[in-house]
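Here's the letter readout for the chains.
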Amino acid sequence: TLDRPDYVVADIALADFGRKEITIAETEMPGLMAIREEYRSEQPLKGAKITGSLHMTIQTAVLIETLVALGAEVRWATCNIYSTQDHAAAAIAAQGIPVFAIKGESLEEYWEYVDRIFDWGAEEGNTCNLILDDGGDATMFALWGARVEAGEELFTPSNEEEEFFVKILKRRLAQTPGYLTKTVEAIKGVSEETTTGVHRLYDLAKKGKLPFPAINVNDSVTKSKFDNKYGCKESLVDGIRRGTDVMMAGKVAVVCGYGDVGKGSAASLQGAGARVIVTEIDPICALQAAMDGFAVQTLEDVVGTADIFVTTTGNKDVITIDHMRAMKDMAIVGNIGHFDNEIQISALENMKWTEIKPQVDMIEFPGGKRIIMLSKGRLLNLGNATGHPSFVMSASFTNQVLAQIELFKGANKYQNDVYVLPKHLDEKVARLHLEKLGVKLTELTKEQAEYIDVPLAGPFKKDEYRY
Ligand code: NAI
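Residues numbered from 1 in each chain as written. Predicted model: local features only at pLDDT ≥ 70, side-chain atom pairs only at ≥ 80, totals over all residues. Heavy atoms only, no water.

Caption draft 1: View of the UniProt feature "domain: S-adenosyl-L-homocysteine hydrolase NAD binding" (unreviewed entry) in the protein. UniProt's entry tags residues 228-387 with the feature "domain: S-adenosyl-L-homocysteine hydrolase NAD binding" (unreviewed entry), counted in the numbering of this structure. Helix makes up 32% of residues 228-387 and strand 23%. Its end C-alpha atoms lie 11 Å apart. (UniProt positions renumbered as here; feature names shortened; annotations may be inferred. Helix = DSSP H or I, 4+ residues; strand = E, 2+ residues; numbered from the N terminus.)

Caption draft 2: Spatial organisation of the sheet that holds strand E6 (residues 214-216). The sheet built from seven strands is open, its strands ordered E3-E2-E1-E4-E5-E6-E15 with parallel pairing. Of all the strands in the sheet, the pair left with one neighbour each is strand E3 (99-100) and strand E15 (418-419). Of the pairings in the sheet, the one linking strand E1 (residues 49-53) to strand E4 (residues 130-133) comprises four bridges and is parallel in character. In the strand pairing of E4, Ile50 is matched with Leu130. Here helix H16 (residues 390-410) sits on the sheet and contacts E1, E4, strand E5 (190-192) and E6; the angle it forms with E4, its principal contact strand, is near 160°. (Pairing = 2+ DSSP bridges. Contact = heavy atoms within 4.5 Å. Axes fitted to C-alpha atoms, helices over the stretch in contact; angles between N-to-C directions.)

Caption draft 3: Main features of the pattern of salt bridges. Taken as a whole and assessed by the stated rule, the structure comprises 28 salt bridges. One salt bridge in this structure joins Asp203 and Lys207, with 3.0 Å as the shortest N-O distance. Exposure remark for Asp203: the relative accessible area of 31% places this residue in the partly exposed category. Exposure remark for Lys207: the relative accessible area of 52% places this residue in the exposed category. One network of salt bridges, in which partners are shared, links Glu112, Asp115, Asp119, Arg171 and Arg172. (Salt bridge = Lys/Arg side-chain N within 4 Å of Asp/Glu carboxyl O. Buried < 20%, exposed > 50% of the residue type's maximum accessible area, 1.4 Å probe, protein only.)

Caption draft 4: Expanded view of the packing of helix H6 (residues 137-149) against helix H9 (residues 195-206). Running from amino to carboxyl end, H6 crosses H9 at an angle of 30°, the nearest separation of the two axes being 10 Å. The orientation of H6 with respect to H9, classified from their angle, is roughly parallel. The two elements H6 and H9 cross, and the hand of that crossing is left-handed. Contact residues: H6 offers Asp137, Thr139, Met140, Leu143 and Arg147, while H9 offers Arg200, Leu201 and Leu204. (Parallel < 35°, antiparallel > 145°, perpendicular 65-115°, else oblique. Left-handed = near helix turned anticlockwise from the far one by under 90°.)

Caption draft 5: Inspection of the site of the ligand at higher detail. Near the ligand lie 26 residues; those nearest to it are Thr194, Thr195, Thr196, Val261 and Glu280. One of the side-chain nitrogen or oxygen atoms of Thr196 is found 2.6 Å away from an oxygen atom of the ligand. Protein coverage of the free-state accessible area of the ligand, which is 860 Å², stands at 85%. Those elements that provide at least two residues to the shell around the ligand are H9, helix H10 (221-244) and helix H11 (260-271). With three residues, the single largest contributor to the shell around the ligand is H10. Tallied by class, the residues present in the shell around the ligand amount to six nonpolar, 15 polar and five charged. (Near = heavy atom within 4 Å. Polar contact = N/O pair within 3.5 Å; in protein donor to acceptor, adjacent residues only side chain to side chain. Areas by Shrake-Rupley, 256 points an atom, 1.4 Å probe, with all protein chains shown as cover. Nonpolar A, V, L, I, M, F, W, Y, C, P; charged D, E, K, R; others polar.)

Caption draft 6: The arrangement of the nonpolar core in detail. In terms of nonpolar packing, the biggest core is built from 48 residues, with Leu45, Ile50, Met56, Leu67, Trp76 and Val99 touching the most fellow members. Those elements giving two or more residues to this core turn out to be helix H1 (15-27), helix H2 (30-39), helix H3 (58-69), strand E2 (73-77), helix H4 (86-94), E4, H16 and helix H17 (423-431). If we skip the residues at most four places from it in the chain, Val99 touches Asp6, Tyr7, Val8, Val9, Met56, Trp76, Ala89, Ile92 and Ala93. Counting residues in hydrophobic clusters, the runner-up holds 40 residues, among them Phe165, Leu169, Leu173 and Tyr179. (Core = buried A, V, L, I, M, F, W, Y, C linked by side-chain atoms within 4.5 Å.)

Caption draft 7: Examining the sheet that holds strand E14 (residues 370-374) more closely. Spatially, the eight strands line up as an open sheet ordered E9-E8-E7-E10-E11-E14-E13-E12, and their pairing is mixed. A single partner strand is all that each edge strand has here, and the edge strands are strand E9 (295-296) and strand E12 (352-357). Note: strand E8 (residues 275-279) against E9, two bridges, orientation parallel. Bridge pairing in E9 links Val278 to Val296.

Right under this line is the structure:
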């Protein structure tokens, strides 16, 4: 019994436009569509109540509708204040699916919406039983709630974002005492989308603070070696172009970090004709970058001469205020890692900010030097463009759906630890994406399979294999 509509979107009238783009996306997401067909009659997620926190895009709409097609109920929020595609959110709301996401929502609204995706009828004590997370914010909200109720002291907020987290969490704890504890007890598990969220989960597990099983979707090969890499290869330059319209060819671009996202980002800029320099802290990734043909330098060495800077590390303080002071006039700065603390944005607060358009700001330093900041340091491929294309998100999200089924149906197989999906499912996800590209697989003969010691039907590699 709600006294307000069970969604918050920018404009419900955008639902038709959203639906049209969802229809196109479905033709590019063969993995999700095949999973719908395979499981439609079995309804493996019947009874699943999924609290979902992941960029509310057109591709995510296809994920949500796949979960619903398999029997789940969902409540959804975005995991980044700039990443929502309002027409996608509207199309989902128009289906009667509770969704809370607006492109450009405030940080307070962001945590407000996280609270709402956990509210499955808090007054009546009804809870979710699964989390689907991207970056770990939703998981953190529920876990902190339960920990505070168990007597642990809540941390003191050190920035604006944490202030709102604490404010909204305290309000929930006061409104319905015991509710988040009950929620955590009811949760069968969480599936986590990204590198940064996975780091948080391993950290919780190590400290014995993970109260349910977790599936690390990121480290499925068909996720991180595709989405993080080929996805960023397409969406990084897309974000920079839509944000700035700058001529890319000939520019000097610095990519900080050469992990999966860094590899895709460097390739993206190189493909657009930029001269790319990489920075790394890991000798293996530095060597890879060099042998892929990139100069590997320190940021200090190149900061005064480069035109474009992109952080891809998942680390903090990678581009500092001193770096930005040393940049040349009108240098473009952005981040494609999960959180905005890769760039010391807070240190720029007292500079002169001019909004050129949403998610593009010009920042003037004393003395007149300016830089262009994309998405205020938040993921620029989702803030300034529309994230990765559907096809690669189909691979990521097929892993998500398989992980949700696994947690819902087989949770008793797992301890309170972090797992990756078995390799046969990883291979299945890849297989579902071959036909669309006209790929023809060679089949092993029985003799060949014996010779290389793999089963005829796979898995075709040992777990140690790195691709
Ligand atoms: P990764 O661990 O493969 O790569 C990060 C790399 O940064 C590592 O090679 C590490 O050695 C390097 N690094 C760390 N500190 C550094 C420093 N101070 N300077 C230079 N290099 C440094 O992680 P992955 O998968 O590439 O993810 C990176 C970030 O991107 C994460 O926050 C992840 O959640 C996010 N992500 C964003 C996506 C998007 O669409 N925007 C898609 C997928 C992941």
